[in-house]
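Fold and contact review
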Amino acid sequence: MGREHHARLRAATGATAFLALAFAFALLLLTSVPAGAGSDGSDRGDGSDGWRTAASRAVRAHEQARAQVDRLREADARPTRIKDAERRRKTLRSDLWDRLWAAERASGDPVAVDPSGRDGHCPFGNRSRPPATGDEQRTRPWTTPTRGYRLTAGYAAKGSRWAHRHTGQDFAVDSGTPVYAVGAGTVHATTCGDGFGNQVLIRHGDGYFTQYAHLSRIDVRKGTRVTAGQRIGLSGTSGNVTGPHLHFEVRITPYIGSAVAPLPWLRRKAVDATAAAP
Ligand SMILES: [Zn+2]
């Protein structure tokens, strides 16, 4: 009797363990299948946000590959190892670009948008007040994004505030300094609430996007057509900053992770931002 009871107990314990295992496996399936499907299956058609997952995963993979190249360079690794890592990064970058374009087609919105920036809840101040006369600088087809600045953190600089490298150029100015569209274009988005604070994203005719971040005030709305040198807002300290400045970024797509070096890009537009600011 005693032995029989013991055996039954063992069988029961085994069954419980089996059930627990099966439950864990089912949970694993439940959590991994949608994420896996997002990498290709749900990119189009089914109305899910799979493209967003795929795009952010591609951005992350590329950032990691870039960090690996940086690490190897710093460690003075063998040139072949650096070359291999760089080749891997380039492959990931072309995948990233495909993903970013797919994401743009699917959303029409920047992936980086923080939900708090939607529905006009941003504390942008009174947008109805027209900019004071003299705020516009229409003399050239392209211009610097602000005036009277000091160049601080540059593109690809390293710092504790950025996960990897700085993605834009910082222009140190006092809070409340006018910020201008560097060229003609259309306001693609105005958002707030993430590390960039209040920000404006402009799409230009040449296919590039410029971003103006940490603003204290925004004077334009999504869809506003702007001219070169038109005031779009005022500089400030919103978002993740240590002092007042304008973070200016040039991107090949609306999305974070697709930035290019902004000062050479401006130079190609005959704007030398390193010259003494007027
Ligand atoms: Zn910055």
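Residues numbered from 1 in each chain as written. Predicted model: local features only at pLDDT ≥ 70, side-chain atom pairs only at ≥ 80, totals over all residues. Heavy atoms only, no water.

Details of the overall build of the chain
Threshold: Numbered from the N terminus, helices here are DSSP runs of H or I no shorter than four residues, and strands are runs of E no shorter than two. Only protein chains enter the accessibility calculation, which uses a 1.4 Å probe. A residue is then buried if its area is under 20% of the maximum for its type, exposed if over 50%, and partly exposed in between. Only heavy atoms enter the contact rule, under which two residues are in contact if any of them lie within 4.5 Å. To measure how exposed things are, a 1.4 Å probe is used in the Shrake-Rupley method; for residues, cover is taken only from the protein chains shown.
The helix and strand tally for the chain stands at four helices and 10 strands. Tracing the chain from N to C terminus, the helices and strands come up as α-α-α-β-β-β-β-β-β-β-β-β-β-α. Evaluated residue by residue, the chain yields a buried proportion of 42% over its 278 residues. Taking the intrachain contacts of the chain between residues at least 6 apart in sequence as the baseline, contacts between residues at least 24 apart amount to 66%. As presented, the chain carries roughly 15100 Å² of accessible surface, and 56% of it is formed by carbon and sulfur atoms.

Overview of the coordination of the zinc ion
Ideal values differ by geometry: the angle at a metal is 109.5 degrees with four tetrahedral donors, but 90 or 180 degrees with six octahedral donors. Put simply, the rule is: Only nitrogen, oxygen and sulfur atoms qualify as donors, and only when within 2.8 Å of the metal (3.2 Å in the case of Na, K and Ca); with water excluded, sites may look incomplete.
Around the zinc ion, the protein contributes the donor atoms His166 (NE2), Asp170 (OD) and His247 (ND1), which lie 2.0 to 2.2 Å from the metal centre. Along the chain, the residues donating to the zinc ion are arranged with the sequence spacing H-x3-D-x76-H. Remark: His247 occurs in strand 9 (residues 245-251) and His166 occurs in the loop between strand 1 (150-151) and strand 2 (169-172); sequence separation between them is 81 residues. Residue His166 shares its accessibility class with His247, and that shared class is buried.

Remarks on the nonpolar core
The test is simple: Think of a nonpolar core as a cluster: buried Ala, Val, Leu, Ile, Met, Phe, Trp, Tyr and Cys residues, connected wherever their side-chain atoms sit within 4.5 Å.
With 24 residues, the main nonpolar core has Val200, Ile202, Tyr212, Ile232, Phe248 and Leu266 as its most contacted residues. Only strand 5 (198-204), strand 6 (209-218), strand 9 and helix 4 (262-268) provide two or more residues apiece to this core. Dropping the residues within four chain positions of it, Leu266 is found in contact with Thr143, Pro145, Val182, Phe248, Val271 and Ala273. With five residues, the next largest nonpolar core counts Val69, Ala77, Ile82 and Ala85 among its residues.

Concerning the packing of aromatic side chains
As a reminder of what qualifies: Two aromatic rings from Phe, Tyr or Trp, using only the six-membered ring of Trp, form a pair when their centres are within 6.5 Å; if the ring planes differ by under 30 degrees the pair is stacked, by over 60 it is edge-to-face, and anything between is tilted. Only Lys NZ and Arg CZ are tested; either one counts as a charge over a ring when it is within 6 Å of the ring centre and within 35 degrees of the ring normal.
Inspection of every chain in the model, using the stated rule, returns five aromatic pairs. Taking the centre distance of 4.7 Å and the plane angle of 85 degrees together, the rings of Tyr149 and Phe171 count as edge-to-face. Of this pair, Tyr149 sits in the loop between helix 3 (79-107) and strand 1 while Phe171 sits in strand 2, and the two are 22 residues apart along the sequence. With a centroid separation of 5.5 Å and an interplanar angle of 55 degrees, the aromatic rings of Tyr212 and Phe248 are classed as tilted. Of this pair, Tyr212 sits in strand 6 while Phe248 sits in strand 9, placing them 36 residues apart in sequence. Summarising the burial analysis for this pair, Tyr212 and Phe248 share the class buried. Taken together, the aromatic side chains of Tyr149, Phe171, Tyr212 and Phe248 make up a single cluster linked through ring pairs. Across the ring face of Trp142, the terminal group of Lys269 is positioned such that the distance to the ring centre comes to 4.5 Å.

What about the environment of Gly233?
Take Gly233: it is sitting in strand 8 (residues 231-235). Judged by relative accessible area, Gly233 falls into the buried class, the value being 0%. Sequence-distant contacts of Gly233, that is, excluding residues within four places in its chain, are made with Thr177, Pro178, Val179, Arg217, Ile218 and Asp219.

So, the pattern of salt bridges
Close approach of charged atoms allows side chains with opposite charge to pair. The condition that has to hold: Any Lys or Arg side-chain nitrogen found within 4 Å of a carboxyl oxygen on Asp or Glu counts as a salt bridge.
Evaluated as defined, the whole model comprises six salt bridges. With its nearest N and O atoms 2.8 Å apart, the salt bridge here joins Arg231 to Asp219. One end of the pair, Arg231, is in strand 8; the other, Asp219, is in the loop between strand 6 and strand 7 (225-226), and 12 residues separate them in sequence. Judged by relative accessible area, Arg231 falls into the buried class, the value being 5%. Taking relative accessible area as the criterion, Asp219 reaches 14% and is therefore assigned buried. Each member of the salt-bridge network shares a partner with another, and the members are Arg217, Asp219 and Arg231.

Details of the pairing of strand 8
Consecutive residues of a regular strand have side chains that alternate between opposite faces of the sheet. Where we set the bar: Pairing between two strands requires that DSSP report at least two bridges joining them.
Counting buried positions along strand 8 gives five out of five residues, so the element sits mostly inside the fold. Pairing between strand 3 (residues 178-180) and strand 8: three bridges, direction antiparallel. Paired with Pro178 across the two strands is Leu234, which belongs to strand 8. Pairing between strand 6 and strand 8: three bridges, direction antiparallel. Bridge pairing in strand 8 places Ile218 opposite Gly233.

All quantities given are derived from atomic positions and should not be read as evidence of function.
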